[in-house]
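Chain by chain, the residues:
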Amino acid sequence: ARMLWILRFPDPSRHLPAWTRVLNALPRKPGEEHAFLPFHADEDVPALGRLRARLDFFSRMELAQTPDDIFRILSNYDLVVSMRFHGVLAAVLSGRPCVAVAEHSKLGRIARSLEVVPLLRPSELDPRSLAQAMDKAWEGRSALPEKRAVFVRQSMTGLAELAAFLTA
């Protein structure tokens, strides 16, 4: 399996050691590949570089300049773990199983509404809970097309309501 990690580190002194412990202890299968996709270069690239240097397995850094690049990159991976709202949205829209690790309510709401996106809070993050969430996301991948269509309809309705409110 090919895993794509879209992480964020609002507090690197706390988040880097925690993610290092979890990722190094996560059970790995032969042939498994890992990559990281920074969404905000200034914020994410330095922290992800420090994280990758601490990992006891090989990983690569994917870089995207445009939204098209993000979707092209996502198409090369089997499973996404994201701490970013737009990372979860992009994964779902591209039909990739996804785990949301939510520090804020916006990401938690979207994960709960999709039902096939397992949700973890950072306080719950350990190798076992992450592995279980990844397994659940993988098992729910067949429901993604149906959920994606519902999600897109809900998003479009919400945008239309917002536009109507702003122009009223």
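Residues numbered from 1 in each chain as written. Predicted model: local features only at pLDDT ≥ 70, side-chain atom pairs only at ≥ 80, totals over all residues. Heavy atoms only, no water.

> I'd love a proper account of the side chain of S129, names of residues and values included.
Note on placement: S129 falls in helix α6 (residues 127–139). For S129, a relative accessible area of 12% corresponds to the buried category. Side-chain polar atoms of S129 contact the backbone oxygen of E124, separated by 2.7 Å. Filtering out sequence-adjacent residues up to four positions away, S129 remains in contact with L120 and E124. (Helix = DSSP H or I, 4+ residues; strand = E, 2+ residues; numbered from the N terminus. Buried < 20%, exposed > 50% of the residue type's maximum accessible area, 1.4 Å probe, protein only. Polar contact = N/O pair within 3.5 Å; in protein donor to acceptor, adjacent residues only side chain to side chain. Contact = heavy atoms within 4.5 Å.)

> For helix α5 (residues 105–114), give the residues involved together with the corresponding values.
Along α5, the residues that are buried comprise L107, G108, I110, A111 and L114. Down the axis of α5, the sector holding all buried residues measures 165°, keeping them to one side. (Arc of directions from axis to C-beta.)

> Can you lay out the pattern of salt bridges for me, pointing to particular residues and giving the numbers?
Enumeration over the complete set of coordinates arrives at nine salt bridges. Two residues, E33 and R2, come together in a salt bridge whose shortest N-O distance is 3.1 Å. Of the two residues, E33 sits in strand β2 (residues 33–36) while R2 sits in strand β1 (residues 2–6), which places them 31 residues apart along the sequence. The class for R2 is partly exposed, based on a relative accessible area of 24%. A salt bridge links R60 to E33; the shortest N-O distance between them is 2.7 Å. Of this pair, R60 sits in strand β3 (residues 60–61) while E33 sits in strand β2; the two residues are 27 residues apart in sequence, bridging distant segments of the chain. Using a relative accessible area of 26% as the deciding quantity, one classes R60 as partly exposed. By relative accessible area, which is 31% here, E33 ends up partly exposed. Among the charged side chains, a network of salt bridges with common partners joins R8, D11, R14 and E103. (Salt bridge = Lys/Arg side-chain N within 4 Å of Asp/Glu carboxyl O.)

> So what's going on with the packing of aromatic side chains? Residues and values would help.
A full pass over the atoms with the stated rule returns one aromatic pair. Their ring planes at 75° and their centres at 6.1 Å tell us that W5 and W19 sit as a pair that is edge-to-face. Of this pair, W5 sits in strand β1 while W19 is found in helix α1 (residues 12–25), placing the two residues 14 residues apart along the sequence. Between R2 and the ring centre of Y77, over which it is positioned, the NZ or CZ distance is 4.6 Å. Positioned above the aromatic ring of F85 is the side chain of K106, whose terminal nitrogen or guanidinium carbon lies 4.7 Å from the ring centre. (Phe/Tyr/Trp six-rings, centres within 6.5 Å; stacked < 30°, edge-to-face > 60°. Lys NZ or Arg CZ within 6 Å of the ring centre and 35° of its normal.)

> I'd like a rundown of α1, residues and numbers included.
Taking 1.5 Å as the rise per residue, α1 with 14 residues should run 20 Å; its terminal C-alpha atoms sit 19 Å apart, in good agreement. Buried within α1 are the following residues: H15, L16, W19, T20, V22 and L23. Elements in contact with the buried residues of α1: β1, β2, α2 (41–54), β4 (79–82), β5 (98–101) and α6. (Expected span 1.5 Å × (residues − 1).)

> A description of the nonpolar core should follow, citing residues and the corresponding values.
Of all hydrophobic cores here, the largest spans 27 residues; its most connected members are W5, L7, W19, L23, L51, L130 and M134. Counting only elements with at least two residues in this core, the list comes to β1, α1, α2, β4, β5 and α6. If you tally residues by element for this core, the top one is α6, at five residues. Ignoring anything within four residues of it in the chain, the contact list for M134 reads M3, W5, L26, L79, V81 and V99. By size, the runner-up hydrophobic cluster in this structure holds 23 residues, among which are Y77, I110, L114 and V117. (Core = buried A, V, L, I, M, F, W, Y, C linked by side-chain atoms within 4.5 Å.)

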